[in-house]
Amino acid sequence: MIVVMKSGASPEQIQKAKTLMVELGYQPHPIEGLLRTVIGAIGDERGKPEDVEALSILEGVEKVIPILPAHKIASREFKPENTKIKVRDVVVGNNKIPVIAGPCSVESEEQLMEIAHSIKESGATMLRGGAYKPRSSPYTFQGMGIEGLKLLAQAREETGLPIVTEILDPHDLDSVVQYADVLQIGARNSQNYALLKEVGKSKKPVLLKRGMSTTIKEFLMCAEYILAEGNEDVMLCERGIRTFETATRNTFDLNAIPVLKEKTHLPVIADPSHGTGYWQYVTPMTLAAIAAGADGVIIEVHNNPEVAVSDGGQSLKPHKFKALMEKASAVAKAIGREL
Ligand code: PEP
Ligand code: MN
């Protein structure tokens, strides 16, 4: 159930609505919008008709919507305005489209600094790089761990770029939170509810990737786990799904972008690197994602992809990334946005 207050409802009227919700056994979760306050009820099924009635007649209440709670806080009904997320000096969810770029894995100081400086020069807004890697095989490179986090912090120091890095295990949360500006939840952990709850408690912005076989509805429920813990800063990342197609690593679900933009107020980030799995397809799908309404993109860039320890085949060389930035900037301009 969602209680929509009238625009201009007084703080006392909002408080009265919250108090009545508690008395009726609901846990109120208010969101102050630009025009009005909306209060979601957590922990309920569809609001009981008599409760909907009792709340609708309160002064200052415009309407009560008895929606199913599956992904209430993430829904547009709950919050019509786009969510804007501040990551240091970058705002995600604005007209300006942030470009997150960097290697799949942090491999060495030399590798990371070279890539960080080159993407910065080309106009990237954040640096990505995995220090903890969720590899499909346990025998492949698992990431540099803390040393990798330290290198990311050094790269931020040198370039000013905020860092996005993956959290794999709730046990690492304290250390990752110390270094990261954005916590990435990978596709393989998209439905790891214990991890989602922990990052929800952390209050750090989260980049939540879509699971390989997660429907859009399930994806929104994954986000809801984070939001329900009180962390409102969730970016949703479309990174391709598993289909019968084998010509590409995944099938980048371009449809998901406008669908998500309709269903949720959360910013949508596109990952054409994992979405396609081949560097040749990354630029065209980046352009398509921006044209489709993505609020940001995340691109793998490597200075020496041939010897990358992970995802070299889908990583752009720095000069190719520079060319991508120019094309992407033109597409953004064509739809009234900017990079
Ligand atoms: C990554 O970003 O390098 C990564 C492992 O992504 P995903 O979880 O989408 O596979
Ligand atoms: Mn990768």
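Described below are features of the structure shown in this document. A quick note: this is a predicted structure, and the numbers were derived from the prediction, not measured.

### Quick notes on a negative patch on the surface
Together, Glu109, Glu110, Glu114, Glu157 and Glu158 make up a negatively charged patch on the protein surface. Counting only elements with at least two residues in the negative patch, the list comes to helix H3 (109-122) and helix H4 (146-159). The dominant element in the negative patch, judged by the number of residues it contributes, is H3, at 3 residues. Among the structural elements, Glu157 can be located in helix H4.

### Focus: the site of ligand 1
Near ligand 1 there are 13 residues, and of these Arg128, Gln184, Ala187, Lys209 and Arg239 occur at the shortest range. Between ligand 1 and Gln184, the relevant distance is 2.9 Å, taken from an oxygen atom to a side-chain nitrogen or oxygen of the residue. In the environment of ligand 1, an oxygen atom lies 3.2 Å from a nitrogen or oxygen atom belonging to the side chain of Glu300. Look at ligand 1: alone it shows 290 Å² of surface, and the protein chains cover 97% of it. Looking at the shell around ligand 1 residue by residue, the class counts come to 3 nonpolar, 3 polar and 7 charged.

### Structural notes on the sheet that holds strand S4 (residues 61-65)
Judged by pairing direction, the sheet is antiparallel, and its 4 strands sit side by side in the order S2-S3-S1-S4 without closing on themselves. The open sheet is flanked by strand S2 (27-32) and S4, the only strands paired with a single partner. Along the sheet, successive strands turn relative to each other by an average axial angle of 20 degrees, direction set aside. Pairing analysis gives 6 bridges linking S2 to strand S3 (residues 37-42), with the strands arranged antiparallel. Following the sheet pairing, Glu32 is matched in S3 by Thr37. Packing of helix H2 (residues 49-56) onto the sheet brings it into contact with strand S1 (2-5) and S4, and relative to S4 it is tilted by some 165 degrees.

### A closer look at the pairing of S1
A two-sided burial pattern is seen for S1, the buried positions comprising Ile2 and Val4 on one face and Val3 and Met5 on the other. Sheet topology note: the S1/S4 ladder contains 4 bridges and is antiparallel. The partner of Val3 across the bridge, within S4, is Val64. Two strands pair when backbone bridges link them, and S1 and S3 are joined in this way by 3 bridges, in the antiparallel orientation. Paired with Val3 across the strands is Ile39, a residue of S3.

### Thoughts on helix H1 (residues 11-23)
Its 13 residues place the ends of H1 18 Å apart at the C-alpha level, agreeing with the 18 Å of an ideal helix rising 1.5 Å per residue. Regarding H1, the residues found buried are Ile14, Ala17, Leu20 and Met21. Here the buried residues of H1 occupy an arc of 125 degrees about the axis, which is enough to place them on one side. H1 presents Pro11, Glu12, Lys16 and Glu23 as exposed residues on the side facing more than 90 degrees away from its buried surface. Residues of H1 that are buried make contact with S1, S2, S3, H2 and S4. Within two residues after H1, Gly25 carries a phi angle of roughly 95 degrees, on the positive side.

### So, the side chain of Glu238
Within the element layout of this structure, Glu238 appears in strand S12 (residues 234-238). The exposure class assigned to Glu238 is buried, which follows from its relative accessible area of 0%. Separated by 3.0 Å, the side chain of Glu238 and the backbone nitrogen of Asp253 make a polar contact. When residues no more than four places from it in sequence are discounted, the contact partners of Glu238 are Arg210, Thr251, Phe252, Asp253, Ala256, Ile269, Ala270 and Asp271.

Analysis parameters
Residues numbered from 1 in each chain as written. Chains lettered and ligands numbered in written order. Predicted model: local features only at pLDDT ≥ 70, side-chain atom pairs only at ≥ 80, totals over all residues. Heavy atoms only, no water. Patch = residues over 30% accessible without salt bridge, like charges linked within 9 Å, V, L, I, M, F, W, Y side chains within 5 Å. Areas by Shrake-Rupley, 256 points an atom, 1.4 Å probe, with all protein chains shown as cover. Salt bridge = Lys/Arg side-chain N within 4 Å of Asp/Glu carboxyl O. Lys, Arg positive; Asp, Glu negative; His and termini not counted. Charge placed at Lys NZ, Arg CZ, Asp CG, Glu CD. Helix = DSSP H or I, 4+ residues; strand = E, 2+ residues; numbered from the N terminus. Near = heavy atom within 4 Å. Polar contact = N/O pair within 3.5 Å; in protein donor to acceptor, adjacent residues only side chain to side chain. Nonpolar A, V, L, I, M, F, W, Y, C, P; charged D, E, K, R; others polar. Pairing = 2+ DSSP bridges. Axes fitted to C-alpha atoms, helices over the stretch in contact; angles between N-to-C directions. Contact = heavy atoms within 4.5 Å. Buried < 20%, exposed > 50% of the residue type's maximum accessible area, 1.4 Å probe, protein only. Expected span 1.5 Å × (residues − 1). Arc of directions from axis to C-beta.

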